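# Summary of the model geometry
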Amino acid sequence: MDSRTINEHYAEIGAELIKTEEALESIRNSTATIVYLSSEHKKTGNGKVVKAQCEKISDKYKWGIPCDFTITVFEPNCEGMTEEQMKMLIFHELLHVKIGYKDDGTETYGINPHDLEDFKLIIDRFGTEWAEVKE
């Protein structure tokens, strides 16, 4: 079972990143709300370990999940990561937040897929092995 709890520390990291990172300007200029969660679930997908996940909350679920996005960190999969690596992980997940606008100025939300520009940004700043845990 995947039980999730709100994580204020991750929320602080996310808020600081949104405030300071140029690549996150669309989030900074929007009214989108993001809730940061911790999970004790050892999530995998396509045979790989999932360290974190960004999800857009569907309108039909906002009655019970009053936000636009969640970012969940799967704690067992992040054991041994440094604070700097956790910041990078949250930054990576924030890059998935997609903010668009209708003709009338109304915001629309979605999920950005991985793309080469995102990977280049991360590699340029943090190297290719930013998530490796050093023993």
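Located above this text is the structure these notes cover.
Residues numbered from 1 in each chain as written. Predicted model: local features only at pLDDT ≥ 70, side-chain atom pairs only at ≥ 80, totals over all residues. Heavy atoms only, no water.

Among the surface-exposed residues, Tyr61, Trp63 and Ile65 lie close enough to one another that they form a single nonpolar patch of about 400 Å² accessible area. Summarising the element assignment, Tyr61 is placed in the loop between strand 5 (52-56) and strand 6 (69-74). Exposure remark for Tyr61: the relative accessible area of 44% places this residue in the partly exposed category. (Patch = residues over 30% accessible without salt bridge, like charges linked within 9 Å, V, L, I, M, F, W, Y side chains within 5 Å. Areas by Shrake-Rupley, 256 points an atom, 1.4 Å probe, with all protein chains shown as cover. Salt bridge = Lys/Arg side-chain N within 4 Å of Asp/Glu carboxyl O. Helix = DSSP H or I, 4+ residues; strand = E, 2+ residues; numbered from the N terminus. Buried < 20%, exposed > 50% of the residue type's maximum accessible area, 1.4 Å probe, protein only.)

Moving on, we get to the side chain of Asn7. With respect to the element layout, Asn7 can be found in the loop between strand 1 (4-6) and helix 1 (8-20). On the accessibility criterion, Asn7 (15% relative accessible area) is buried.

So, on to helix 1. Over its 13 residues, helix 1 runs 18 Å from end to end, which matches the ideal 18 Å to within 8%, given 1.5 Å per residue. Among the residues of helix 1, those classed as buried are Tyr10, Ile13, Gly14, Leu17 and Ile18. Down the axis of helix 1, the sector holding all buried residues measures 130 degrees, keeping them to one side. Set apart from the buried face of helix 1 by more than 90 degrees, the exposed residues are Glu8, Glu12 and Lys19. The elements touched by buried residues of helix 1 are helix 2 (25-28), strand 2 (34-39), strand 6 and helix 3 (83-94). (Expected span 1.5 Å × (residues − 1). Arc of directions from axis to C-beta. Contact = heavy atoms within 4.5 Å.)

So, about the nonpolar core. Leu24, Ile34, Tyr36, Leu94 and Val97 are the most contacted members of the largest nonpolar core, which has 25 residues in total. Counting residues per element, the ones that place at least two in this core are helix 1, strand 2, strand 5, strand 6, helix 3 and strand 7 (97-101). Considering every element that reaches this core, the biggest residue donor is helix 3, with six residues. The contact partners of Ile34, leaving out residues within four places of it in the chain, are Ile18, Ile27, Phe69, Ile71, Leu94 and Val97. (Core = buried A, V, L, I, M, F, W, Y, C linked by side-chain atoms within 4.5 Å.)

Turning our eyes to something else, we now look at the side chain of Thr70. Tracing the sequence through the fold places Thr70 in strand 6. Leave out the neighbours within four places in its chain, and Thr70 touches Val35, Leu37, Gln53, Cys54, Glu55, Ile57 and Ile65.

Summed over all chains, the structure comprises five salt bridges. For Glu55, the salt bridge goes to Arg4, with nearest N and O atoms at 3.2 Å. Within this pair, whereas Glu55 is found in strand 5, its partner Arg4 is found in strand 1, the two being separated by 51 residues in sequence. Judged by its relative accessible area of 31%, Arg4 is partly exposed. In this structure, Asp68 engages Lys62 in a salt bridge whose closest nitrogen and oxygen atoms are separated by 2.6 Å. Taken together, the shared-partner salt bridges in this structure form one network comprising Asp2, Arg4 and Glu55.

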